[in-house]
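Report on the structure
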Amino acid sequence: MPVHHAAPGTPGARDLTGRTAAPDRAMRQEPRPAAHKVVVLAVDGIYPFELGIPQHVLGSADGRYEVVTAGVDGKPVRTVSDLTVTPGHGPEVLAEADTVIIPGYAIPRAPAAATDPKALDALSSVRPGTRLVSICSGAFLLAGTGLLDGRRATTHWALSDRFRALFPRVELDAGVLFVDHGDVLTSAGAASGFDVCLHLLRKDHGTEVANQAARFCVVPPYRDGGQAQYIERPLPPTGATGTGPTRDWALQRLELPLPLDELAAHAAMSTRTFARRFKEETGLSPGRWLTAQRLRRARHLLESSDLPVERVAHEVGFATATSLRRHLAAEAGVAPSAYRRTFRAPDPTADDAGSIPT
């Protein structure tokens, strides 16, 4: 069937032009007079995706923010991908900022290299009272300034052990999407940059403005739970001695009650000896370990099956669906239905797959 193209000036052409121009106009909004100045600090090893989030979110707020990018020394900045970016400004613009945002960057293995001295020097020019925000591993640079000492903060969950080793005076919470102290905010993995920037919009200009920006960016205005629901919890190796064989045995019977005396009997140990050995080998009591494995299995079933929540609870050994909901909310911060919506892909054969709910 031939495709007919509307000639320039026809209604069809004007409609197409209007549709394609709308996002472009939104991305090129001019800042209002006295707009809140946001400086995004680009350091070597920056992640391009995170570097662009502040402009994408705050820059779409009808000119309420002037978003600019600064380097630490006026030179081009190497990213983690095969490209180099040239910030529009040098570090001197940091002294003019109302908010400074530090996107995530690749953290070098050498502990001494986790915070670039040039970047720390650049941040020293930030005026007192300026709001500081980190995205993902940008928290390492913020922590390097000492501003997070004695405070709660977050970063990507996969970097939590390295962060705690380098900055023991910071109270790291790897289970949340962001932490707001008013003057200093830290956020978790890459996509949490959207969460924290939308949070800034809500604080500064209210929910309506934040929701409009979220619609433009095609992201949820607010995500339930925290990053705990995204953390991988691989099983430790069980081994062939100690309580390992009993753990393997229990994993095949999670739908059963599995009381302590039954586990100890399988291991041919007294309950006291079994509980002590189990804690030494896993770091958890038998009861807490069983709950963790039941939740791990439940999360898998929620992601991969259509089983009702009540059936999932039964399959993994929780007495009731209420018990599953309570334990999952404590671990991941969300209900089973919300977890399933987050991680279960829609059926591509469904008639309404990919459609916008009404």
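Up top is the structure.
Presented here is an overview of the structure given in this document. Because the structure is a prediction, the values reported are computed rather than measured.

1. Let's talk about the pattern of salt bridges
- On inspection of all chains with the given rule, the structure shows 16 salt bridges.
- A salt bridge links Lys118 to Asp73; the shortest N-O distance between them is 3.5 Å. Note that Lys118 is positioned in helix α3 (residues 117-123) and Asp73 in the loop between β2 (65-71) and β3 (77-78), a separation of 45 residues in sequence.
- For Glu331, the salt bridge goes to Arg299, with nearest N and O atoms at 2.8 Å. Of this pair, Glu331 sits in helix α13 (residues 321-332) while Arg299 sits in helix α11 (residues 286-304), and the two are 32 residues apart along the sequence. Each of the two residues, Glu331 as well as Arg299, counts as buried.
- Beyond isolated ion pairs, a larger network of salt bridges with shared partners links Arg247, Arg277 and Glu281.

2. Re the packing of helix α12 (residues 309-316) against α13
- Contact pair α12 / α13: the axes reach a minimum separation of 8 Å and the direction vectors enclose 85 degrees. Classified by the angle between their axes, α12 and α13 sit roughly perpendicular to one another. Counted together, Val309, Glu310, Val312 and Ala313 of α12 and Ala321, Leu324 and Arg325 of α13 form the full contact between these two elements.
- Of the residues contributing to the contact of α12 with α13, the split by class is 5 nonpolar, no polar and 2 charged.

3. What to know about the packing of aromatic side chains
- Evaluated as defined, the whole model comprises 6 aromatic pairs.
- Judged by centre distance (6.0 Å) and plane angle (50 degrees), the rings of Phe49 and Phe194 are tilted. Highlighted residues: Phe49 in helix α2 (residues 48-58) and Phe194 in helix α6 (residues 192-205), separated in sequence by 145 residues.
- We classify Phe49 as partly exposed; its relative accessible area is 48%.
- Between Phe278 and Trp289, the ring centres sit 5.5 Å apart and the planes meet at 75 degrees, which makes this aromatic pair edge-to-face. In this pair, Phe278 is assigned in helix α10 (residues 271-282) and Trp289 in helix α11, connecting sequence segments 11 residues apart.
- In this structure Phe278 comes out as buried when scored by relative accessible area, which is 2%.
- Three or more aromatic residues joined by ring pairs form one cluster here, namely Phe140, Phe163 and Phe167.
- Taking the ring centre of Phe278 as reference, the NZ or CZ of Arg247 above it sits at 5.9 Å.

About the thresholds
Residues take numbers from 1 onward in each chain, read along the sequence in its written order. For this predicted model, a pLDDT threshold of at least 70 governs which residues receive local features, and a threshold of 80 or more governs which side-chain atom pairs are given and counted, while totals over whole chains, interfaces and linings are taken from all residues. Derived side-chain values reflect all non-hydrogen atoms in the structure, with water molecules and hydrogen atoms excluded from consideration. The salt bridge criterion pairs a side-chain nitrogen of Lys or Arg with a carboxyl oxygen of Asp or Glu, the two atoms within 4 Å. We count a stretch as a helix when DSSP gives it H or I for four or more residues in a row; a strand needs E for two or more, and each element gets its number in order from the N terminus. Burial classes follow relative accessibility: with a 1.4 Å probe on protein chains only, a residue under 20% of its type's maximum area counts as buried, one over 50% as exposed, and anything between as partly exposed. Only the stretch in contact is used when fitting a helix axis, every axis being a line fitted to C-alpha atoms; angles between N-to-C directions are given from 0 to 180 degrees. Small angles under 35 degrees read as roughly parallel and large ones over 145 as roughly antiparallel, with 65 to 115 read as roughly perpendicular and the rest as oblique. Any pair of residues with heavy atoms lying within 4.5 Å of one another is described as a contacting pair. Residue polarity follows a fixed list, in which Ala, Val, Leu, Ile, Met, Phe, Trp, Tyr, Cys and Pro are nonpolar, Asp, Glu, Lys and Arg are charged, and the others, Gly among them, are polar. Pairing of aromatic rings covers Phe, Tyr and the six-membered ring of Trp, with a centre-to-centre limit of 6.5 Å; geometry is then stacked below 30 degrees between planes, edge-to-face above 60, and tilted otherwise. Charge over a ring is defined by NZ of Lys or CZ of Arg lying within 6 Å of the ring centre and within 35 degrees of the ring normal.

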